[in-house]
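The residues making up each chain are set out below.
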Amino acid sequence: MKEKCTIIGKTCPICNDVTSGIHYGIHTCESCKSFFKRAISFKKSPKFKCASSQGTCALSPATRSACQLCRFEKCIQAGMLPSLVRQRGERGGRAKLYLKC
Ligand SMILES: [Zn+2]
Ligand SMILES: [Zn+2]
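Residues numbered from 1 in each chain as written. Chains lettered and ligands numbered in written order. Predicted model: local features only at pLDDT ≥ 70, side-chain atom pairs only at ≥ 80, totals over all residues. Heavy atoms only, no water.

A few points about the pattern of salt bridges
We count it as follows: Only one rule defines a salt bridge in this text: a Lys or Arg side-chain nitrogen within 4 Å of an Asp or Glu carboxyl oxygen. Think of it this way: any DSSP run of H or I at least four residues long counts as a helix, any run of E at least two long counts as a strand, and we number them from the N terminus. Exposed residues in this analysis have more than 50% of their type's maximum accessible area, buried residues have under 20%, and partly exposed residues fall in between, with area computed by a 1.4 Å probe over protein chains only.
Within the structure shown, the criterion is met by two salt bridges. Salt-bridge contacts for Asp-17 lead to Arg-64; the nearest nitrogen and oxygen are separated by 2.7 Å. With Asp-17 in the segment before strand S1 (21-23) and Arg-64 in the loop between helix H1 (30-41) and helix H2 (68-78), this pair connects stretches of sequence that are 47 residues apart. The class for Asp-17 is partly exposed, based on a relative accessible area of 23%. We note a salt bridge from Lys-33 to Glu-30, for which the minimum N-O separation is 3.4 Å. One end of the pair, Lys-33, and the other, Glu-30, are both in helix H1, three residues apart, so they sit about a helical turn from each other. Since its relative accessible area comes to 23%, Lys-33 is described here as partly exposed.

Thoughts on the coordination of the zinc ion (ligand 1)
Defined as follows: Any N, O or S atom lying within 2.8 Å of the metal counts as a donor, and for Na, K and Ca the limit rises to 3.2 Å; water is left out, so some sites can look incomplete. Between 85 and 135 degrees for all angles marks four donors as tetrahedral; over 155 degrees for opposite donors together with 65 to 115 for all other angles marks four donors as square planar and six as octahedral; every other arrangement is irregular.
Protein coordination of the zinc ion (ligand 1) is provided by Cys-12 (SG), Cys-15 (SG), Cys-29 (SG) and Cys-32 (SG), with donor distances spanning 2.2 to 2.3 Å. Taken together, the four donor atoms coordinating the zinc ion (ligand 1) and their angles of 103 to 116 degrees define a geometry best described as tetrahedral. Each donor residue of the zinc ion (ligand 1) lies on the same chain, and together they follow the pattern C-x2-C-x13-C-x2-C. Using a relative accessible area of 0% as the deciding quantity, one classes Cys-12 as buried. On the accessibility criterion, Cys-15 (0% relative accessible area) is buried.

With respect to the confidence of the model for the protein
Inclusion rule: Think of pLDDT as the predictor's per-residue confidence, scored from 0 to 100. Contacts are residue-level and defined by heavy atoms, with any inter-residue pair within 4.5 Å sufficient.
With 73% of its residues at a pLDDT of 70 or more, the protein shows a mean pLDDT of 81. In this model, residues 92-97 is a region of pLDDT below 50 whose contacts with residues beyond four sequence positions or in other chains number five contacts.

Quick look at the coordination of the zinc ion (ligand 2)
Every protein donor of the zinc ion (ligand 2) is accounted for by Cys-50 (SG), Cys-57 (SG), Cys-67 (SG) and Cys-70 (SG), and the metal-donor separations fall at 2.2 to 2.3 Å. For the zinc ion (ligand 2), the donor residues sit on a single chain with the sequence spacing C-x6-C-x9-C-x2-C. One end of the pair, Cys-50, is in the loop between H1 and H2; the other, Cys-67, is in the loop between H1 and H2, and 17 residues separate them in sequence. For the residue pair Cys-50 and Cys-67, the accessibility class agrees, reading buried in each case.

A few points about the nonpolar core
Note the following rule: Nonpolar core, defined: a set of buried Ala, Val, Leu, Ile, Met, Phe, Trp, Tyr and Cys residues in which side-chain atoms within 4.5 Å join the residues together.
Counting 17 residues, the largest nonpolar core has Ile-14, Phe-36 and Met-80 as the members making the most contacts within it. For this core, the secondary structure elements donating two or more residues are H1, H2 and helix H3 (82-86). Sort the elements by how many residues they give to this core and H1 lands first, with five residues. Discounting residues that sit within four places of it in the chain, Met-80 has contacts with Ile-14, His-23, Tyr-24, Ile-26, Thr-28, Cys-32, Lys-33, Phe-36 and Cys-75.

Below is the structure:
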């Protein structure tokens, strides 16, 4: 409800691609949306490995698939909600309650 409004509809906070709407709580691109969904669904073994083993990989549309660990961490940090994935999607547009300007 504050200054976050300025980034809405522009770039994905995870990889800087163009956003496609609100997914699991925040605006992200299609790619990060499916990545996050997949990452959460694989709850059996979420053992991602950092490509640089530093946990600080730069993420861009070109490099976002290189490091799943950093990407996933960034999804969480950006505010994506695993609980919304487990509820099986965004039924009725409930997630749109977030960051509505
Ligand atoms: Zn993205
Ligand atoms: Zn990494």
